[in-house]
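Spelled out from the first residue to the last, the chains are:
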Amino acid sequence: MAKYDKSDIERRMKGAVESLKGDLAGLRTGRANVTLLDPVVCDVYGAMMPLNQVATVSAPEPRMLTVQVWDKSNMAAVEKGIAHANLGLNPMIDGQTLRLPMPDLTEERRRELAKLAGKYAENGKIAIRNVRRDGMEALKDDEKKKEISEDERKRHEEDVQKLTDQFVGECDTMAEAKEKEIMTQ
């Protein structure tokens, strides 16, 4: 049975790109984005729970997030969870709602975030290259086992390289767009 599976390689490379999309979405750009609070966890009901399981997050204004806590007794825990997430946001209690005004980003912080976006993109490209390496090794193993010919191996290696170039290009494009968004907000 051949170890090489082009669809599996493509699926894994797409997974790396999707992971990068998630990482980039979590970067703060100065605009209110509900995904900014995805990493926040709160100590409620004796367990650490994601914020989206104890409250509703919305962005009613471009520079404001609101967190509608479902159970008023969890208000302090949610506030503490947001404060401990090190997002640079200061929650203000307004009844059963937390208001999170988005402070302006300093030029230094913008540069840090742009650098972080580049780092995330590099990690995504490394993951894609690792998938490429696995695919190339599988092709060599298949050739050693005489399951495919040398010509087939080379043809498949070209396919794997084309996929790699395509997905690495997507990573670069996404990172450039995010860096531009961060620096111009």
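Scroll up to find the structure this text is about.
To start, this report covers the structure provided alongside it. Because the structure is predicted, anything quoted here is derived from the model rather than measured. (Residues numbered from 1 in each chain as written. Predicted model: local features only at pLDDT ≥ 70, side-chain atom pairs only at ≥ 80, totals over all residues. Heavy atoms only, no water.)

### A short note on the pattern of salt bridges
Defined as follows: We define a salt bridge as a side-chain nitrogen of Lys or Arg found within 4 Å of a carboxyl oxygen belonging to Asp or Glu. Helix and strand definitions follow DSSP, with helices as H or I runs of at least four residues and strands as E runs of at least two, each counted in order from the N terminus. Only protein chains enter the accessibility calculation, which uses a 1.4 Å probe; a residue is then buried when its area is under 20% of its type maximum, exposed when over 50%, and partly exposed in between.
Following the criterion strictly, the structure yields 16 salt bridges and no others. Residue D8 is joined to R11 by a salt bridge in which the shortest nitrogen-to-oxygen separation is 2.5 Å. Taken together, the residues span about one helical turn, with D8 and R11 both in helix α1 (residues 6–25) at a distance of 3 residues. By relative accessible area, D8 is classed as partly exposed at 26%. For R11, a relative accessible area of 53% gives the class exposed. Residue E181 pairs with K178 through a salt bridge whose shortest N-O separation is 4.0 Å.

### Here's the deal with the side chain of T97
The criterion, for reference: Polar contacts here mean pairs of N or O atoms no more than 3.5 Å apart (in protein, one a potential hydrogen donor and the other a potential acceptor; neighbouring residues in sequence count only if both atoms are side-chain atoms). Contact definition: two residues touch when any of their heavy atoms are within 4.5 Å.
In this fold, T97 is placed in strand β6 (residues 97–101). Separated by 2.9 Å, the side chains of T97 and Q68 make a polar contact. When neighbours within four sequence positions are excluded, T97 is seen to be in contact with T66, V67, Q68, M75 and M92.

### As for the environment of T164
Along the chain, T164 falls in helix α4 (residues 150–184). The exposure class of T164 is buried, given its relative accessible area of 4%. Put simply, T164 and I9 are 155 residues apart on the chain and 9.4 Å apart in space, counted from C-alpha to C-alpha. If near-sequence neighbours (up to four positions away) are discounted, T164 is found in contact with M13, I128 and R132.

### Some thoughts on the pairing of strand β1 (residues 41–44)
Stated precisely, the cut-off is as follows: Any two strands with at least two DSSP bridges between them are considered paired.
Burial along β1 is one-sided: C42 and V44 are buried, and none of V41 and D43, which face the opposite way, are. Bridge count between β1 and strand β2 (residues 47–50): 4 bridges; the pairing is antiparallel. Counted as the bridge partner of D43 is M48 from β2. Linkage of β1 to β2, two consecutive antiparallel strands, is achieved through a turn of 2 residues, within which Y45 is found at a positive phi near 55°.

### Digging into helix α3 (residues 107–144)
Structurally, the α-helix is built with 3.6 residues per turn, so residues lying three or four positions apart point the same way. This is how the line gets drawn: In this analysis, the expected span of each helix is defined as 1.5 Å times one less than the number of residues it contains.
Its 38 residues give α3 an end-to-end C-alpha distance of 55 Å, which sits within 8% of 56 Å, the value for a rise of 1.5 Å per residue. Of the residues flanking the end of α3, it is K146, one or two places downstream, whose phi is positive at about 65°.

### Structural notes on the nonpolar core
If you look at soluble globular proteins, the nonpolar side chains tend to sit buried side by side. The line we're drawing: Each nonpolar core is a collection of buried residues, namely Ala, Val, Leu, Ile, Met, Phe, Trp, Tyr and Cys, held together in the definition by side-chain atoms within 4.5 Å.
Counting 26 residues, the largest nonpolar core has I9, M13 and I128 as the members making the most contacts within it. For this core, the secondary structure elements donating two or more residues are α1, α3 and α4. Here M13 is in contact with I128, V131, R132, V160, L163, T164 and F167, once residues within four sequence places are set aside. Counting residues in each nonpolar core, the second largest holds 22 residues, with V54, L65, V69 and L98 among its members.

### What about unusual backbone geometry?
Although it is not a glycine, Y45 adopts a positive phi angle of roughly 55°. In this structure, Y45 sits in the loop between β1 and β2. Residues other than glycine seldom take positive phi values, yet K146 does so here, at roughly 65°. Judged by its relative accessible area of 72%, K146 is exposed.

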